[in-house]
Amino acid sequence: MGRKVVLDVDTGTDDAVAIMFAALHPELDLLGVTTVNGNVPLENTTDNTLRVLDWIGCSDVPVHPGVPHPIARFGFPGGRHFDTEDEHDPHGIALPIPAPRTAARDTGAVEYLVETLRATTEPITLVPVGPLSNVATALAVDPTVAGAVEELVVMGGSHAVANVTASAEFNIWADPEAANVVLSADFARRTLVTLDATHRALVPRRTCDALESLGTPAGTAAARFISHRIKAYEQTTAGAAPVHDVVCTAYLVAPEVISTQHLPVAVETASPLTVGRTVIDTRPATKAEPNAHVALDADADLLNDLLLSTFAREAA
């Protein structure tokens, strides 16, 4: 079996691509998926996750619904609320594949994370690609579970590129206090895949065409999801789009897909103007202790090649 992975997702289109990659790549063993509010409300992130796994024939992967709101705020910092439809994801509420045939597990995400990490005798890689509410809550229940994580790979944050506000990336902004907890916890290795990196690894229309031509469930779905993203990003990255979350799962099998620096990272939780900003200290002479391996660049050609080779596969 391959590298053991637990994904934590707020499934819209880019999470869906990351889930398919983790479920189908032969070097990865997807133990489970936990869902959290973010791109869309929790009910929909869970439904979308089940849709994706059913569609590619991986309905045996357990899905555990998680935290329905930020750990310290019951609305978005910017005034929007988790119980209303959000326009952050370019597709909207439901992914354009059939409704799920399977159901989520009764065990909630936090309980699943704590129990799985307490019980494991093998290293587990935890990959949160949405707001960090589930991970922070699990740490509040048992801070020692961080020691069972071989590597924490987070899609979140930014240095020179932002999206939801002028200074913040969505996943960190949606629950900045949770991000602060996770960045302060005792993980052996923490890798932060920022918008700076994901916007360097764009997926173009020609890759969508190639994915579609594969004729596999994953290839067809990935082409559909990424095409939606390309339309949404037409004003900024014409003919291509970032597929943020799959950069994290691609990194698990090809670390060279991103370029990292070991840097100090902090999260702004107070300022109304910059709440959710990841303050990444790149100064050569800084006295701050580095706490994350921060990706600020990525290899687009390698990512596109990995998408095509992985989505040519079908579930056993």
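Just above, that's the structure.
Computed from a predicted model, the values in this text were never measured in an experiment.

## A closer look at the pattern of salt bridges
Here the idea is simple: oppositely charged side chains can pair when their charged atoms come close.
Moving on, step 1. One pass over the structure, following the stated rule, counts 12 salt bridges.
Moving on, step 2. Notably, a salt bridge pairs E177 with R73, separated by 2.6 Å at the nearest N-O pair. Of this pair, E177 sits in helix α6 (residues 176-184) while R73 sits in the loop between β3 (63-65) and α3 (109-119), and the two are 104 residues apart along the sequence.
Moving on, step 3. Residue classification places R73 among the partly exposed positions, given a relative accessible area of 21%.
Moving on, step 4. Through salt bridges with shared partners, a single network forms among R3, E150, E151 and R189.

## Here's the deal with the sheet that holds strand β1 (residues 3-9)
Moving on, step 1. Taken together, 8 strands build an open sheet; the order of strands is β3-β2-β1-β4-β5-β6-β12-β9 and the sheet is mixed. The open sheet has two edge strands, β3 and β9 (258-263), and neither has a second partner. For this sheet, the mean angle separating the axes of adjacent strands, direction not counted, is 25 degrees.
Moving on, step 2. As paired strands, strand β2 (residues 28-35) and β3 are joined by 3 bridges and run parallel to one another. Bridging from a neighbouring strand, V33 pairs with V63 of β3.

## Comments concerning the packing of helix α8 (residues 205-214) against helix α11 (residues 300-311)
In a pair of packed helices, the angle between the axes and the distance between the axes together describe the arrangement.
Moving on, step 1. Running from N to C, α8 and α11 point in directions that differ by 10 degrees, and their axes come no closer than 10 Å. Between α8 and α11, the angle falls in the class roughly parallel. Here T207, A210, L211 and L214 of α8 come into contact with α11, specifically with N304, L307, L308 and F311.
Moving on, step 2. Broken down by class, the residue content of the contact of α8 with α11 amounts to 6 nonpolar, 2 polar and no charged.

## Focus: helix α4 (residues 133-141)
Moving on, step 1. By the burial criterion, the buried members of α4 are S133, N134, V135, A136, A138 and L139.
Moving on, step 2. Where α4 is buried, its residues touch β1, β2, α3, β4 (124-128) and α6.

## Some details on the packing of aromatic side chains
Moving on, step 1. Summed over the entire model, instances satisfying the criterion amount to 2 aromatic pairs.
Moving on, step 2. Judged by centre distance (6.4 Å) and plane angle (80 degrees), the ring pair of F21 and F311 falls under edge-to-face. Pair noted here: F21 is in helix α1 (residues 13-24) and F311 is in helix α11, with a separation of 290 residues, a long-range link. No difference in accessibility class separates F21 from F311, as the two residues are buried.
Moving on, step 3. Relative to W173, the ring of F170 has its centre 6.1 Å away and its plane inclined at 40 degrees; by these criteria the two rings are tilted. Residue F170 and its partner W173 are both found in helix α5 (residues 170-174); the two are separated by 3 residues, about one turn of the helix. In this pair, the class of F170 matches that of W173, namely buried.

## Some remarks on the layout of surface pockets
Moving on, step 1. Each pocket or cavity is described by its volume, and for the largest pocket that value is around 360 Å³.
Moving on, step 2. Lining the largest pocket are 17 residues, with A23, L24, L28, C58 and A316 sitting closest to its centre.
Moving on, step 3. Only α1 and β2 provide two or more residues apiece to the lining of the largest pocket.
Moving on, step 4. Each residue belonging to the lining of the largest pocket can be placed in one class, and the counts come to 10 nonpolar, 3 polar and 4 charged.

Procedures and definitions
- Residues numbered from 1 in each chain as written.
- Predicted model: local features only at pLDDT ≥ 70, side-chain atom pairs only at ≥ 80, totals over all residues.
- Heavy atoms only, no water.
- Salt bridge = Lys/Arg side-chain N within 4 Å of Asp/Glu carboxyl O.
- Helix = DSSP H or I, 4+ residues; strand = E, 2+ residues; numbered from the N terminus.
- Buried < 20%, exposed > 50% of the residue type's maximum accessible area, 1.4 Å probe, protein only.
- Pairing = 2+ DSSP bridges.
- Axes fitted to C-alpha atoms, helices over the stretch in contact; angles between N-to-C directions.
- Parallel < 35°, antiparallel > 145°, perpendicular 65-115°, else oblique.
- Contact = heavy atoms within 4.5 Å.
- Nonpolar A, V, L, I, M, F, W, Y, C, P; charged D, E, K, R; others polar.
- Phe/Tyr/Trp six-rings, centres within 6.5 Å; stacked < 30°, edge-to-face > 60°.
- 1 Å grid on protein atoms, 1.4 Å probe; cavity = no way out; pocket = protein on both sides within 12 Å on 5 of 7 lines; lining within 4 Å.
- Points joined across faces, edges and corners; volume = space filled by probe spheres on them.

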